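Chains, contacts and geometry: an overview
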Amino acid sequence: MQPFTERNIVILTGAGISAESGLDTFRDPDGIWAKYDYRRVATPEGFAADPDLVHEFYNMRRREAAKCAPNPAHAALARLQREWPGGFLLVTQNIDGLHEGAGSTDVLHMHGTLSGGLCAACGARFTGPAEMTTASVCPACAEAGSVRPDVVWFGEMPYGMDEISDALAMADLFVSIGTSGTVYPAAGFVRLAKEAGAWTVELNLEASGAHFDTIIEGRASETVPAFVERLLAAPDGRL
Ligand code: BV8
């Protein structure tokens with residue numbers, strides 16, 4: 001994270017920023033939760049009940065993600081990180097690697113990553129196999145059968161919450177991109193940013209309904225590059 005000195009920006013992205021790269025969102029009509037019961041594939045209870053089903057769900061997500069490339073929205077955020085003179089933190093709810101693929105660095109994956117593995121026995125986090133199974137072995141403790149996707153499921157504490165809270169408390173600008181604002185604690189970030197006096201902006205296909213100072217509707221691959229262009233030309237960050 002770049003030092004938060006002045007004109008600090010915090011950005012939160014969700015599945016909508018990856019939609020035009022070809023990845024399904026969660027709550028659009030043909031989304032992931034229309035095809036899978038989140039209780040069976042995105043909760044610790046679901047994993048305990050049927051680990052093979054959950055491994056196959058995430059193996060399928062890895063195969064899908066491997067076919068996708070970053071889109072202009074991901075590239076625009078990487079440009080903003082490079083060229084913005086103030087503090088900058090990119091938080092994503094997404095577990096794909098498209099932000100990194102576009103050149104973003106120090107991305108805070110608050111819901112974990114598809115590429116990550118986590119050992120339930122020793123707690124090690126590591127780069128996991130593309131096809132993870134109940135036979136996968138932990139590289140740290142060599143336990144077999146205790147490896148799971150390093151993904152934050154419902155009921156689990158998201159990663160980086162202290163860093164995110166600190167950044168929101170110092171934010172001058174909070175930008176939410178491609179998220180329905182359904183899942184907490186991410187959905188509460190806009191209120192924390194407002195309480196810190198930040199200007200809040202939503203870029204989404206349609207307004208999510210949460211209160212933002214500026215709402216820009218449209219497809220991320222069009223709205224995000226244009227927004228970054230305006231922001232870099234408007235040094236005070238007010239829009
Ligand atoms: C926790 C796994 C507690 C990874 C996911 C109040 C406070 C705290 C918690 C809760 C609370 N109330 C309820 C809860 C519990 C729960 C929750 O929020 N439930 C909701 C459903 C009510 N939250 C939790 O369980 C969280 N954990 O709170 O732990 C705790 C406390 C102490 C100690 C221990 C624990 C954990 C939440 C994380 C769950 N994991 N997924 C994976 O498989 O991917 S959630 C899942 O939803 C994904 O991570 C996803 O990122 C996330 C959010 O979805 P979005 O990204 O917003 O996607 P969505 O489809 O919804 O929206 C896409 C948007 O894009 C749409 O608006 C669409 O219009 C737009 N769009 C589409 N195309 C485009 C576009 N925009 C622009 N351009 C386009 N082309």
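Within every chain, residues take consecutive numbers counted from 1 along the sequence as written. Note on the predicted model: pLDDT of at least 70 is required for a residue's local features to be given, and 80 or more for side-chain atom pairs to be given and counted; whole-chain, interface and lining totals, by contrast, use all residues. To obtain the side-chain values, all non-hydrogen atoms of the structure were included, while hydrogens and water were left out.

Overview of the site of the ligand
- Summary of the distance rule: residues count as near a molecule or strand when at least one heavy atom falls within 4 Å of that molecule or strand. The environment of the ligand is made up of 32 residues, and the closest members are Phe26, Arg27, Gly155, Thr179 and Ser180.
- Nitrogen and oxygen atoms within 3.5 Å of one another constitute a polar contact, given that in protein one can donate a hydrogen and the other can accept it, and given that sequence-neighbouring residues count only through two side-chain atoms. One of the backbone N or O atoms of Ala15 is found 2.8 Å from an oxygen atom in the ligand.
- One nitrogen or oxygen atom from the main chain of Val152 is found 2.8 Å from a nitrogen atom belonging to the ligand.
- Under the convention used here, a 1.4 Å probe and the Shrake-Rupley method define accessible areas, while residue burial counts only the protein chains that appear. Protein chains bury 76% of the 1500 Å² of accessible surface belonging to the ligand in isolation.
- Charged residues are taken to be Asp, Glu, Lys and Arg, nonpolar residues to be Ala, Val, Leu, Ile, Met, Phe, Trp, Tyr, Cys and Pro, and polar residues to be all remaining types, Gly included. A per-class count over the shell around the ligand returns 14 nonpolar, 12 polar and 6 charged.
- As annotated, the domain borders come from an automatic or database domain assignment. Two domains each put at least three residues into the shell around the ligand: domain 1 (1-23 + 70-111 + 157-239) and domain 2 (32-67 + 115-151).

Here we look at the layout of surface pockets
- Cavities and pockets were defined on a 1 Å grid built over protein atoms only: a cavity is a set of grid points that admits a 1.4 Å probe from which the probe cannot escape, a pocket is an open set flanked by protein on both sides within 12 Å along at least five of seven lines, and lining residues are those with an atom within 4 Å of any such point. Grid points are joined across faces, edges and corners, and a volume is the space filled by probe spheres set on the points. Approximately 180 Å³ is the volume attributed to the second largest pocket.
- Ala65, Ala66, Ile95, Asp96, Gly97, Leu98, Glu100, His109, Thr113, Leu114 and Ser115 together form the lining of the second largest pocket.
- Listed by contribution, the elements that provide at least two residues to the lining of the second largest pocket are helix 4 (51-66), helix 6 (98-101) and strand 4 (112-119).
- In terms of domain composition, the lining of the second largest pocket takes at least three residues from each of domain 1 (1-23 + 70-111 + 157-239) and domain 2 (32-67 + 115-151). Note on conventions: DSSP H or I runs of at least 4 residues are helices, E runs of at least 2 residues are strands, and numbering of each starts at the N terminus.

Details of the pairing of strand 8 (residues 199-204)
- Working definition: with a 1.4 Å probe on protein chains only, accessible area under 20% of the residue-type maximum means buried, over 50% means exposed, and in between means partly exposed. Taking burial as the measure, the 6 residues of strand 8 include 5 buried ones, the bulk of the element.
- Note on handedness: a crossover is taken as right-handed if, strands pointing away from the viewer, the path from the first strand over the helix to the second is clockwise. For the segment spanning strand 7 (residues 173-177), helix 8 (residues 189-195) and strand 8, crossover handedness is right-handed.
- Sheet topology note: the strand 8/strand 9 (residues 214-217) ladder contains 4 bridges and is parallel. Looking at strand 9, one finds that Asn204 is bridged to Glu217. At least two DSSP bridges between two strands are needed for those strands to be called paired.

Digging into the domain arrangement of the protein chain
- On domain assignment, one finds that the protein chain holds domain 1 (1-23 + 70-111 + 157-239) and domain 2 (32-67 + 115-151).
- Every contact between the two is made by 4 residues of domain 1 and, on the other side, 8 residues of domain 2.
- Carbon and sulfur atoms make up 60% of the surface buried where domain 1 meets domain 2, a total of about 520 Å² over both sides.
- Looking at the side of domain 1 facing domain 2, the largest losses of area belong to Leu23, Ile95 and Tyr159, adding up to 76% of the total buried there.
- Where domain 1 meets domain 2, there are 2 residue pairs in polar contact (both at pLDDT 80 or more).
- Here the residues of the side of domain 1 that touches domain 2 sort into 3 nonpolar, 1 polar and no charged. Whether two residues are in contact is decided by their heavy atoms: any pair within 4.5 Å suffices. Buried area is a sum: the accessible area each of two parts loses on coming together, probed at 1.4 Å, counted once for each and added.

Overview of the nonpolar core
- Take the buried residues of types Ala, Val, Leu, Ile, Met, Phe, Trp, Tyr and Cys, join any two whose side-chain atoms come within 4.5 Å, and each joined set is a nonpolar core. Within the largest apolar cluster, 22 residues are counted, with the highest numbers of intra-cluster contacts made by Ile11 and Val224.
- Breaking this core down by element, the ones donating at least two residues are strand 1 (9-13), helix 5 (72-83), strand 2 (88-92), strand 7, strand 8 and helix 9 (220-233).
- Excluding its chain neighbours within four sequence positions, the residues that come into contact with Ile11 are Leu77, Leu80, Phe88, Leu89, Leu90, Val91, Val175 and Ile177.
- With 18 residues, the next largest nonpolar core counts Leu108, Ile164, Phe174 and Phe189 among its residues.

Here's the deal with the environment of Gly86
- As for its position among the elements, Gly86 is in the loop between helix 5 and strand 2.
- The spacing of Gly86 and Thr200 is 114 residues in sequence and 17 Å in space, taken between C-alpha atoms.

Description of the side chain of His99
- Of note, His99 is situated in helix 6.
- Taking relative accessible area as the criterion, His99 reaches 0% and is therefore assigned buried.
- Only 2.9 Å separates the side chain of His99 from the side chain of Thr13, close enough to count as a polar contact.

Here's the deal with helix 9
- Every helix has an expected span of 1.5 Å times one less than the residues it contains. For helix 9, which comprises 14 residues, the first-to-last C-alpha distance of 19 Å matches the rise-based estimate of 20 Å (1.5 Å per residue) to within 8%.
- Listed in full, the buried residues belonging to helix 9 are Ala220, Ser221, Thr223, Val224, Phe227, Val228 and Leu231. Looking straight down helix 9, one finds its buried side chains confined to an arc of 170°; they lie on one side. Exposed residues pointing more than 90 degrees away from the buried face of helix 9 are listed as Glu222 and Ala233.
- Lining the buried residues of helix 9 we find strand 1, helix 5, strand 7, strand 8 and strand 9. The arc refers to the directions leading from the helix axis to the C-beta atoms.

So, the packing of aromatic side chains
- Stacked, tilted and edge-to-face are the three classes applied to pairs of Phe, Tyr and Trp rings, where Trp contributes its six-membered ring and a pair requires centres within 6.5 Å; stacked means planes under 30 degrees apart, edge-to-face means over 60, and tilted covers the rest. Across all of its chains, the model carries 9 aromatic pairs by this definition.
- Between Phe47 and Trp153, the ring centres sit 5.3 Å apart and the planes meet at 40°, which makes this aromatic pair tilted. One end of the pair, Phe47, is in helix 3 (residues 44-49); the other, Trp153, is in the loop between strand 6 (147-151) and helix 7 (161-169), and 106 residues separate them in sequence.
- For Phe47, a relative accessible area of 16% translates into the label buried.
- Residue Trp153 is classed as buried on the basis of its relative accessible area, which comes to 2%.

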